[in-house]
Amino acid sequence: MCKSFKRRTRLSCKSYPTREVFSIIEQGIAAPEDIDKALQFGPAFRYATTGQLEIVDLGGLDIWCTVGDNLLKVMDNSLSANSLLRRKVEEGKLGLKSGEGFFKYSQENGPEIRKRFTQKLIHQLKASEYYVEKKTFLNNI
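What counts, and where the lines are drawn
- Sequence order as written defines residue numbering, which begins from 1 separately in each chain.
- Local features in this predicted model are restricted to residues whose pLDDT is 70 or higher, and side-chain atom pairs enter the listing and the counts only when it is 80 or higher, whereas totals over whole chains, interfaces and linings include all residues.
- Only hydrogens and water are removed before side-chain values are computed, so all heavy atoms of the structure are retained for them.
- Under the scheme used here, helices are H or I runs from DSSP no shorter than 4 residues and strands are E runs no shorter than 2 residues, and both carry numbers assigned from the N terminus.
- Note on exposure labels: buried denotes an accessible area under 20% of the residue type's maximum, exposed denotes more than 50%, and partly exposed covers the range between, all computed with a 1.4 Å probe on protein chains only.
- The contact definition used throughout considers only heavy atoms, calling two residues in contact when any of these lie within 4.5 Å.
- To measure how exposed things are, a 1.4 Å probe is used in the Shrake-Rupley method; for residues, cover is taken only from the protein chains shown.
- Each pair of aromatic rings taken from Phe, Tyr and Trp, with Trp reduced to its six-membered ring, is defined by centres within 6.5 Å and is described as stacked if the planes are under 30 degrees apart, edge-to-face if over 60, and tilted in the remaining cases.
- Charges are assigned to positions over rings by a cutoff of 6 Å between ring centre and Lys NZ or Arg CZ, combined with an angular limit of 35 degrees from the ring normal.
- Here the axes come from fitting lines to C-alpha atoms, over the contacting stretch only for helices, and the angles between their N-to-C directions go from 0 to 180 degrees.
- Every angle not falling under 35 degrees, over 145, or within 65 to 115 is termed oblique; those three ranges are roughly parallel, roughly antiparallel and roughly perpendicular.
- Gly falls in the polar group here, along with every residue not listed as nonpolar (Ala, Val, Leu, Ile, Met, Phe, Trp, Tyr, Cys, Pro) or charged (Asp, Glu, Lys, Arg).

**Examining the overall build of the chain**
Here is step 1: Along its length, the chain carries seven helices and zero strands.
Here is step 2: Written out in order from the N terminus, the α and β elements of the chain read α-α-α-α-α-α-α.
Here is step 3: Among the 141 residues that make up the chain, the fraction classed as buried is 18%.
Here is step 4: Excluding contacts between residues fewer than 6 apart, the proportion of contacts in the chain whose partners are at least 24 apart in sequence is 49%.
Here is step 5: Counting every atom, the chain has about 11,700 Å² of accessible surface; 59% of that belongs to carbon and sulfur.

Okay, here's the thing in structure tokens:
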């Protein structure tokens, strides 16, 4: 059963689903590349055109409540950085800038990787502007 929060909680959209992703890796549930693929074609794909709360409404709050009741009790709820993340930092695995994080990178390909990432963001921004315009148009009909 869903319980309402009696205390103030801080909502951080930026941290979603990063904390949970680290926990899933640490528990050995899935590999980094599988998690990225699942998010790219799952929630991340939907969030490009639809907000997280609208997704919740479309799926049904009862479904999300049941998932939360069963999943959140086994997920990481710590108040500091995940130990897996901290270990990687201590090992000098800082991501693209060091050549390895959760994935390995060639230092000479760094500029090209950043360029492709920026191009993807620009493409997504242009697509998002289209959807915002379309949604605004449809709401005014």
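**Let's talk about the packing of aromatic side chains**
Here is step 1: For the structure on display, the rule yields one aromatic pair.
Here is step 2: The residue whose ring lies beneath Lys-88 is Phe-102, and the NZ or CZ to ring-centre distance is 5.1 Å.

**Focus: helix H1 (residues 18-26)**
Here is step 1: The set of residues buried in H1 consists of Glu-20, Val-21, Phe-22, Ser-23 and Ile-25.
Here is step 2: Downstream of H1 by one or two residues, Gly-28 has phi in the positive range, about 75°.

**Considering the environment of Lys-93**
Here is step 1: Positionally, Lys-93 belongs in the loop between helix H6 (83-90) and helix H7 (110-139).
Here is step 2: The class of Lys-93 is partly exposed, set by a relative accessible area of 26%.
Here is step 3: Once the C-alpha coordinates of Lys-93 and Phe-103 are considered, the two residues, ten residues apart in sequence, prove to be 9.4 Å apart.
Here is step 4: Non-local contacts of Lys-93, meaning those with residues more than four positions away in its chain, are made with Lys-88, Ser-98, Glu-100 and Gly-101.

**Structural notes on the environment of Arg-114**
Here is step 1: When you line up the elements, Arg-114 lands in helix H7.
Here is step 2: Separated by 18 residues in the primary sequence, Arg-114 and Leu-96 have C-alpha atoms spaced 9.0 Å apart.

**Re the packing of H1 against H6**
Here is step 1: Where H1 meets H6, the axes come as close as 8 Å, and the angle between the chain directions of the two elements is 80°. Classed by the angle they form, the pair H1 and H6 counts as roughly perpendicular. Of H6, the residues touching H1 (which contributes Phe-22, Ile-25 and Glu-26) are Ser-83, Leu-84, Leu-85 and Arg-87.
Here is step 2: Its residues placed into classes, the contact of H1 with H6 shows four nonpolar, one polar and two charged.

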